[in-house]
Amino acid sequence: MTEPFPREGLPLNEARRKILERIAPITATIELPLAACFARVSAQGVHAAEALPGFAASIMDGYAIGDPSPPVIGTTWKLVGRSAPGAPYGQQLIPAEAVRILTGAPLPAGAQRVLPQELVQCSPDGINLELVAEASQSQWIRAADGDVAAGELLVAAGVRLGVAHLALLASAGIAELTVRAKPQLGLLVSGDELVALGEDRWPGAIWESNSTLLTALLERLGYGVAISQVVPDHPDALRTALLDLAASCDLVVSTGGVSAGDSDWIRPLLSELGEVAFWKLFLKPGRPFAFGTLSAANKLVPFFGLPGNPVAAAVTALQLLWPALQQLEGSDVQLLPRLQVRLAHQLRRNAGRPELARAKLEFDSEGNLWALVEGSQASSRISSLVGADLLLEIPAELADIPSGSKLWAQLLRLPIF
Ligand SMILES: Nc1nc2c(c(=O)[nH]1)N[C@H]1C(S)=C(S)[C@@H](COP(=O)(O)OP(=O)(O)OC[C@H]3O[C@@H](n4cnc5c(N)ncnc54)[C@H](O)[C@@H]3O)O[C@H]1N2
Ligand code: MOO
């Protein structure tokens, strides 16, 4: 049989481009309490209705005075009141008067500056105040729009909301937000050899771990698995499961049964139930990967056939499924940041396919970045993912790579704020 796909498979970047070309964002939105919006994508731009903090405020604990320029040591004022956060001093401040003021409290009308309390001395009766140390030029005042101007864009449409976005919106009094609906992902796990956790295995069987791996990985990325099914390598059972998942989900992901063996039904079924856009990646791990569309219940649903080998499933999910989920959810696609590192030791491997090797990252005292590839890189060996900091990009043609070689690597880190 002649294959309609390049024998060596598609390079990763080309595969990602082909996938993203075919993914249209889902349009559904949902209104949620702000605290439930973490890692969601804003459906619309949000502007500040008013300036923040909205009033001139002291940024130090001290005393508000009406002097336009820094007073000289020995100047005195009469203490006439107090301004605390949420409890402003209600009168107009006149020259030679001072008001006790706390950090964040509104500046009284007529006040021009704050003297930090470290610079002044109060008389024992608490009536008078004297400057005892040199005052700086700083007024120690935050302007009414010092944090946010009225009408300022707080969050644009299509932004993935992190910790700082949520805090900024909360500071502007936003209680609820319209966000994009999360894509509903249907997961099909296939394999006659798979045993559920908690059950005994028979000779040759293995405990099913890819659903645990993929569910945790997707949750880490801000997504999840809406429905999953574990199905034996039988075409009728697989066909029914694919159609069920496609009917009720926005995308379908399978793992296993996608290479070229006689119980690998995923690709022929994809071609029967929809269209295979491409099959096979020019990548280790992850060669037998299929992408296409399933046609079910009058809609076309993107389909990702991930390999069964756990590391290959994880790597292809990160490289190809994650960008697709971001695009489906209506945000810009963020990939892992790339940086240049030096190999900390010699590395020998079989040339032929570009590889994403799992590596630890080390820094030396000069700030150089070193990559350590530890243990077998077999795509069945889940331990190679444990504690990995990097996916080291090894070009196809390299076999004997000397210690100190410069290579690109993808950093396995997500932003904090
Ligand atoms: N003649 C060829 N054989 C293979 C090729 C090829 O190009 N030509 N590619 C190899 C590569 S590379 C990979 S990767 C594997 C992937 O094959 P499949 O995607 O069809 O996966 P399976 O054969 O179903 O399983 C592979 C391996 O992974 C284990 N597995 C499967 N599902 C799970 C699960 N849910 N939890 C844990 N482990 C799972 C399975 O038992 C196998 O050991 O194909 C090569 N062969
Ligand atoms: O694509 Mo496979 O993961 O190289 O063994």
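Residues numbered from 1 in each chain as written. Chains lettered and ligands numbered in written order. Predicted model: local features only at pLDDT ≥ 70, side-chain atom pairs only at ≥ 80, totals over all residues.

## Re the nonpolar core
Taken as a class, soluble globular proteins show a tendency for nonpolar side chains to be buried jointly.
Turning to step 1, where the next piece is worked out: The biggest cluster of nonpolar side chains holds 64 residues, and the ones touching the most others in it are Leu-242, Val-252 and Leu-392.
Turning to step 2, where the next piece is worked out: If you tally residues by element for this core, the top one is helix H6 (residues 310–328), at 13 residues.
Turning to step 3, where the next piece is worked out: Both domains that meet at this core, namely domain 1 (12–28 + 183–328) and domain 4 (338–411), each give it at least three residues.
Turning to step 4, where the next piece is worked out: Counting residues in each nonpolar core, the second largest holds 20 residues, with Tyr-63, Ala-64, Ile-65 and Leu-107 among its members. (Core = buried A, V, L, I, M, F, W, Y, C linked by C-beta atoms within 7 Å. Buried ≥ 20, exposed ≤ 12 C-beta atoms within 10 Å, placed from the backbone. Helix = DSSP H or I, 4+ residues; strand = E, 2+ residues; numbered from the N terminus. Domains from an automatic or database assignment.)

## Things to note about the confidence of the model for the protein chain
Turning to step 1, where the next piece is worked out: When pLDDT is averaged along the protein chain, the result is 96, and 99% of the positions lie at 70 or above.
Turning to step 2, where the next piece is worked out: Prediction confidence for the complex, expressed as pTM and ipTM, is 0.92 and 0.97 respectively. (pLDDT = per-residue confidence, 0-100.)

## Thoughts on the domain arrangement of the protein chain
Turning to step 1, where the next piece is worked out: Domain boundaries in the protein chain define domain 1 (12–28 + 183–328), domain 2 (38–52 + 147–180), domain 3 (57–142) and domain 4 (338–411).
Turning to step 2, where the next piece is worked out: A C-alpha centroid distance of 39 Å is found between domain 2 and domain 4.

## Considering the sheet that holds strand E13 (residues 185–190)
The strands making up a sheet associate through backbone hydrogen bonding, with each pair oriented either parallel or antiparallel.
Turning to step 1, where the next piece is worked out: Strand order across the open sheet formed by six strands is E16-E13-E17-E20-E19-E18, with mixed pairing between neighbours. Strand pairing shows two members of the sheet lacking a second neighbour, strand E16 (227–231) and strand E18 (274–279), which therefore form its edges. Adjacent strand axes in the sheet meet at a mean angle of 20° when their direction is disregarded.
Turning to step 2, where the next piece is worked out: With five bridges joining them, E18 and strand E19 (residues 290–296) adopt antiparallel strand pairing. Residue pairing in the sheet places Phe-278 in a bridge with Phe-291 of E19.
Turning to step 3, where the next piece is worked out: Helix H3 (residues 210–220) contacts E13, E16 and strand E17 (251–255) of the sheet and is inclined by roughly 155° relative to E13. (Pairing = 2+ DSSP bridges. Axes fitted to C-alpha atoms, helices over the stretch in contact; angles between N-to-C directions. Contact = placed C-beta atoms within 7 Å.)

## Some thoughts on the site of ligand 2
Turning to step 1, where the next piece is worked out: In the vicinity of ligand 2, the residues found are Lys-284, Pro-285, Gly-286, Arg-287, Pro-307, Asn-309, Ala-312 and Ser-379.
Turning to step 2, where the next piece is worked out: Considering only residue class, the shell around ligand 2 consists of three nonpolar, three polar and two charged. (Near = placed C-beta within 6 Å. Nonpolar A, V, L, I, M, F, W, Y, C, P; charged D, E, K, R; others polar.)

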